[in-house]
Structures are given as C-alpha cells and as structure tokens.
Amino acid sequence: MSKKVLVLYYSQSGQLGDILNSLVSPIVAAGHMVECKNVQPVNAFEFPWTSKRFFSVMPECVLEVPTTLQPIQLKETAYDLVVFGYQAWFLSPSIPSTSILQDEKVRAILKNTPVITVTGARNMWISALESIKKSLKTIGAKQVGNIVTIDKHANVLSFFSIQYWMYTGKKDKFLNLFPKPGVSDTDIAGCSTFGKTVVKYLDNGEYAGMQDELVSQKAVVVNYNLMTIEAKAKKIFYAWANLITKRKNKAPWLVAFKYYLIIAFFVVGPIILLIDTILLKPFSAKRIKKQLSYYSGVNQ
C-alpha cells in the first residue's frame, strides 16, 4: 500500500535539497507519495553570505531563537513518515531549521510520527543533531533514522573551501588548488542507496533495525577527533552567544568572536587534540566506544 512521506527542510545553497532528492528517489520509484517542502523565512538569509552577515546571526543561532517563516502549506494533515533535513550553523541547527520545529502546524504533524533526520554539513554535526533530538522528543516525534552527509576532505582544506563557497556562491576549486567544497556529487548520488534501505522499512511500517543497517552502509560515520573538539567548542560558543546578546553594540564583539574562531581552529583545537591523545584517549576505550555508538544511533 502506498505510504505518505513528507520531506521537510530548509536549503539556502540548494545542496541539502539535492541530498534529499537523491535519498527519496527510490521511495518515489517504489510508488509512495512524497511531498517535498523547502520552507523559507519571511526575511531570507541571502546566499552567498557576506562575512558580516554570517557572523551577525551567531548569537540567535546558538541560543536557538526562531525567525518568522513563510506559511507552510501541506497537502495532508498526517503522514506515515517525515524526513527532516537540516544544516548546522555555529554547531547549532540553522535558524530556519530551529524555526521549523517550533512551528505549531509542523509540531502537530510530527507528533507520534516516525522521523528520519538528514544533514548536509562541513564535518561537525553532533551538537546540532543533539538539539534536533531534544526538539523531536519534546514534540513527541519518533526518530527512527539518521543520515549524515559531510565534506570528507581534510579539516584544514574544507575550512578554506567552505568559506570560498559561502562568500562567493561558487562551488568550484578555490585558487584551483583546494578541493570542491561541500558534500561531493558522488556522496549526494550515493544517498539513493540509503533511500532503498528506507523503502524496505517504510513498506511494512516497522523501523527496528533500520538505523543499524544504515550505519553499516556508512550513512553515519563519527570522527572521534572532531567529536572531541566539538564537545568543547559548543560550550564556548554558547558562552560567546550569551555575552554578545547582552551587549548594546554587538558589532565589535562579533568581530572578536570571528578572530577567536580562527585562533581556536588553528591553535586551540590542535592543543586540545594533543592533550586528549596523550592523557585521555589511551585510557578511555570503553567511554569512546559508548560515545561512538550513541552518536551513530537514534532515540527509539
């Protein structure tokens, strides 16, 4: 029997839309009804960004302050499965993603409904996912799957290439030396493999074991080093966001945060990893295994 699937997301550059279209193509091919809704804010976040505009949204993003969305018009009042696509800004769900999950119509749709979360990220996605999980739990949704697509190039290389893309809108090789930014075309196309797996579980409406199968297909790969840095950075970002929010003149503080971020990336981050590698990691095998398992899985 044909099932009703809602794909709900916000895409600024178009990349997340491409990822989701690839993912649901086997679901459409299997004869299920798929409704895709790219939700947009009333006041658009223009792409490409300017540096000033990008950093200006940091406090609201980290503190998860919603923005007003354009009306969300849906064909159905209930769905058998919702695929929720989101992206991370400043280690938090993007402002539109946060706003979608605070929309009353969306919350009514998600309640008691199976949800698969999907992200397209540079490489740090854990903190944003944890926020999404909490929101879904509060709503009463059932997270049954999670898929993570990232830029797989070295952290330093993608740091420069993603900024080139963000500030120019060009998804090509910066200086003809750096790799193409974002999730690769191959990995985007490969999401159709995950879609075929989803179809098997959607057909019978039972999702037990689906995430394990997706993980075996590398739908989620947790990088220990990035996980370690992100855990520390999220707390610091939150402190910065609170500090900046309380200032009448936010501009100089946002500039200070920008330069802190550069120093943290090239100096603080490597020091944290060095200390962890020498003093913590060799003695924490059980803890690390538990963390990797948790972040690969979903809330059942």
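Residues numbered from 1 in each chain as written. Predicted model: local features only at pLDDT ≥ 70, side-chain atom pairs only at ≥ 80, totals over all residues. Heavy atoms only, no water.

## Considering the packing of helix α6 (residues 126-139) against helix α10 (residues 224-245)
The N-to-C vectors of α6 and α10 enclose an angle of 65°; their axes lie 9 Å apart at closest approach. Contact residues: α6 offers I126, S127 and A128, while α10 offers M227, E230 and K234. Of the residues that constitute the contact of α6 with α10, the class distribution is 3 nonpolar, 1 polar and 2 charged. (Axes fitted to C-alpha atoms, helices over the stretch in contact; angles between N-to-C directions. Helix = DSSP H or I, 4+ residues; strand = E, 2+ residues; numbered from the N terminus. Contact = heavy atoms within 4.5 Å. Nonpolar A, V, L, I, M, F, W, Y, C, P; charged D, E, K, R; others polar.)

## Details of the nonpolar core
In this structure, W89, F90, L110 and F257 are the most contacted members of the largest nonpolar core, which totals 61 residues. A total of 9 residues in this core trace back to one element, the largest contributor, which is α10. For F257, the contacting residues outside a window of four places in its chain are F55, M58, F90, F237, W240 and I244. (Core = buried A, V, L, I, M, F, W, Y, C linked by side-chain atoms within 4.5 Å. Buried < 20%, exposed > 50% of the residue type's maximum accessible area, 1.4 Å probe, protein only.)

## Focus on the layout of surface pockets
Space inside the second largest pocket adds up to approximately 220 Å³. Along the wall of the second largest pocket there are 13 residues; nearest its centre are E64, S131, I132, K134 and S135. Elements that contribute at least two residues to the lining of the second largest pocket include exactly α4 (95-102) and α6. At 6 residues, α6 tops the list of elements feeding residues into the lining of the second largest pocket. Within the lining of the second largest pocket, the residues separate by chemical class into 3 nonpolar, 6 polar and 4 charged. (1 Å grid on protein atoms, 1.4 Å probe; cavity = no way out; pocket = protein on both sides within 12 Å on 5 of 7 lines; lining within 4 Å. Points joined across faces, edges and corners; volume = space filled by probe spheres on them.)

## Section: helix α12 (residues 285-296)
For α12, spanning 12 residues, the distance from its first C-alpha to its last is 17 Å, which sits close to the expected 16 Å at 1.5 Å a residue. Among the residues making up α12, those that are buried are I288, Y295 and S296. Down the axis of α12, the buried side of the element spans an arc of 105°, and every buried residue falls inside it. Turned more than 90 degrees from where α12 packs its buried face, K286, K289, K290 and S293 sit exposed. (Expected span 1.5 Å × (residues − 1). Arc of directions from axis to C-beta.)

These values are about where atoms sit, not about what they do.
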